[in-house]
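Close look at the chain arrangement
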Amino acid sequence: MGEQLFLERFVWFDNETRLERYPNAFKLAAQFEISTKTAQRSIDYFRDRLQAPLAYLLTRKGYVYTDTSYQLPVTRIAEVELLALLISRKLIAEASAGPLAEDLEHISQRLGSLLTANLPGRAKPEDAFSFRWKEISPADPLTFKVVTSALLQGRLLTFCYYSPTASNCTMRTVEPHHMVNYMGNWHLIAYCHLRGAWRDFMLGRMTLTQADGPAFQFRPDEEWRPYLANTFGIFQNRDTFKVVLRFSPERSRWVKGELWHEHQVAEVQADGSLMLTIPVSHQAEIMMEILKHGSQVEVLEPGWMREKVMNEIAGALRKYRQ
């Protein structure tokens, strides 16, 4: 049996005993969907190997502690460590809606009961924290399983892909190397045989996915990892360029604390405006980010992007004038 699930039985049994609910092998078996024999062996291990001071009370048909000062090893974990586990669990469960939702919810509930039993305080841990995501394109559960299978087994993956820049679907054969969850959306970094280059594929745009191709030789990390994180956003190209933005004094109070990229340079000007320089390799994503700030931001460099933003604003203005 897995050590984590094995330990969770002890945590649950310990908590039930302290609450004077008189747990026994039948209750433990029902809680964890195991046989009563397995449950009794767990109780014996708890008592004999972990030195839990358990005594069976015939009148209650369950166990009690003869010494309530006893503590399980997990309860000696610092509060900050338990809190980190709780927040991580909530983040994983809520950020992975879609393909992992059902499996994560099951794990989430089990881990949640373990943490709740050992966190001090009056607030319910489940109600204390949450995460919100927007503009998510959930991947099909079957697609997610096929892609992860190909990635972990090192096999060629084939699928039909709908690119946002094209209206038709193209068949791709790729060498999957890495998956990343970016802003709630799952992306696959893979070497595309059709394009002869590294590409980023959003799982939500894949159909007809198959992972029954032959095995391939994984390429060095230095080939694909820079493609993933060297510049702003998730969309990448081979060529990179710097974008210089000037935010108004009003908007700079919001933006100056934001991290757009780890290599960004932010300078607050004498008038309170903010000059932000960030490395970029794909115009689409940075364009959307710029436009959402409206008149509160100005593109200073490069000139061609300044021109594109001006044209986009002019086009939007024509629509409103109509």
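Quick caveat: nothing in here was measured; it's all calculated off a predicted structure. (Residues numbered from 1 in each chain as written. Predicted model: local features only at pLDDT ≥ 70, side-chain atom pairs only at ≥ 80, totals over all residues. Heavy atoms only, no water.)

A few words now on the overall build of the protein chain. A tally of regular secondary structure across the protein chain gives 11 helices and 11 strands. Counting the 322 residues in the protein chain, one finds 39% classified as buried. Here the analysis covers contacts within the protein chain between residues at least 6 apart in sequence; of these, 59% occur between residues at least 24 apart. Roughly 19600 Å² of accessible area belongs to the protein chain as shown, and the carbon and sulfur atoms make up 52% of that amount. (Helix = DSSP H or I, 4+ residues; strand = E, 2+ residues; numbered from the N terminus. Buried < 20%, exposed > 50% of the residue type's maximum accessible area, 1.4 Å probe, protein only. Contact = heavy atoms within 4.5 Å. Areas by Shrake-Rupley, 256 points an atom, 1.4 Å probe, with all protein chains shown as cover.)

Scanning the entire structure with this criterion turns up 16 aromatic pairs. Chaining the aromatic ring pairs together yields one cluster made of Phe10, Trp12, Phe13, Phe32, Tyr45, Phe46, Tyr56, Tyr63, Tyr65 and Tyr70. Sitting above the plane of the Tyr191 ring, Arg219 keeps its charged end 3.7 Å from the centroid. (Phe/Tyr/Trp six-rings, centres within 6.5 Å; stacked < 30°, edge-to-face > 60°. Lys NZ or Arg CZ within 6 Å of the ring centre and 35° of its normal.)

Time to look at the state of the cysteines. Tallied over the entire structure, the rule returns 1 disulfide. Paired by a disulfide, Cys160 and Cys169 hold their sulfur atoms 1.4 Å apart. (Disulfide = S-S within 2.5 Å.)

In this model, helix α7 (residues 141-153) (13 residues) spans 18 Å end to end at C-alpha, consistent with the 18 Å of a helix rising 1.5 Å per residue. Among the residues of α7, Thr143, Phe144, Val146, Val147, Thr148, Ala150 and Leu151 are the ones counted as buried. Just beyond α7, the residue with positive phi is Gly154, at close to 70°. (Expected span 1.5 Å × (residues − 1).)

Below, the discussion takes up the environment of Cys160. With respect to the helices, strands and loops of the structure, Cys160 is situated in strand β3 (residues 157-162). If we ignore the near neighbours within four places in the chain, the residues touching Cys160 are Cys169, Thr170, Met171, Arg205, Met206, Thr207 and Leu208.

Generally speaking, a soluble globular protein has its nonpolar side chains buried in company with each other. Among the nonpolar cores identified, the biggest contains 19 residues, and Leu157, Val174, Met179, Leu188, Phe201, Leu203 and Met206 are the most heavily contacted of them. At the level of elements, α7, β3, β4 (169-182), β5 (185-192) and β6 (197-202) are the ones that each hand at least two residues to this core. Residue contacts for Met179: discarding those within four places in its chain leaves Phe144, Val147, Thr148, Leu151, Trp186, His187, Leu188 and Leu203. If you look at the next biggest cluster of nonpolar residues, it comprises 18 residues, including Phe10, Ile34, Tyr65 and Leu72. (Core = buried A, V, L, I, M, F, W, Y, C linked by side-chain atoms within 4.5 Å.)

Let's shift gears to the sheet that holds strand β11 (residues 297-301). Strands sit in the order β9-β10-β8-β11 across an open sheet of 4 strands; the sheet is antiparallel. Each end of this open sheet is capped by a strand with a single partner; those strands are β9 (265-268) and β11. Across the sheet, the mean angle separating the axes of adjacent strands is 20° when strand polarity is ignored. Examined bridge by bridge, strand β8 (residues 241-247) and strand β10 (residues 274-280) share 7 bridges and lie antiparallel to one another. Across the sheet, Lys242 pairs through a bridge with Pro279, a residue of β10. Across the sheet, helix α11 (residues 303-321) lies against β8 and β11, angled at about 145° from β11, the strand it touches most. (Pairing = 2+ DSSP bridges. Axes fitted to C-alpha atoms, helices over the stretch in contact; angles between N-to-C directions.)

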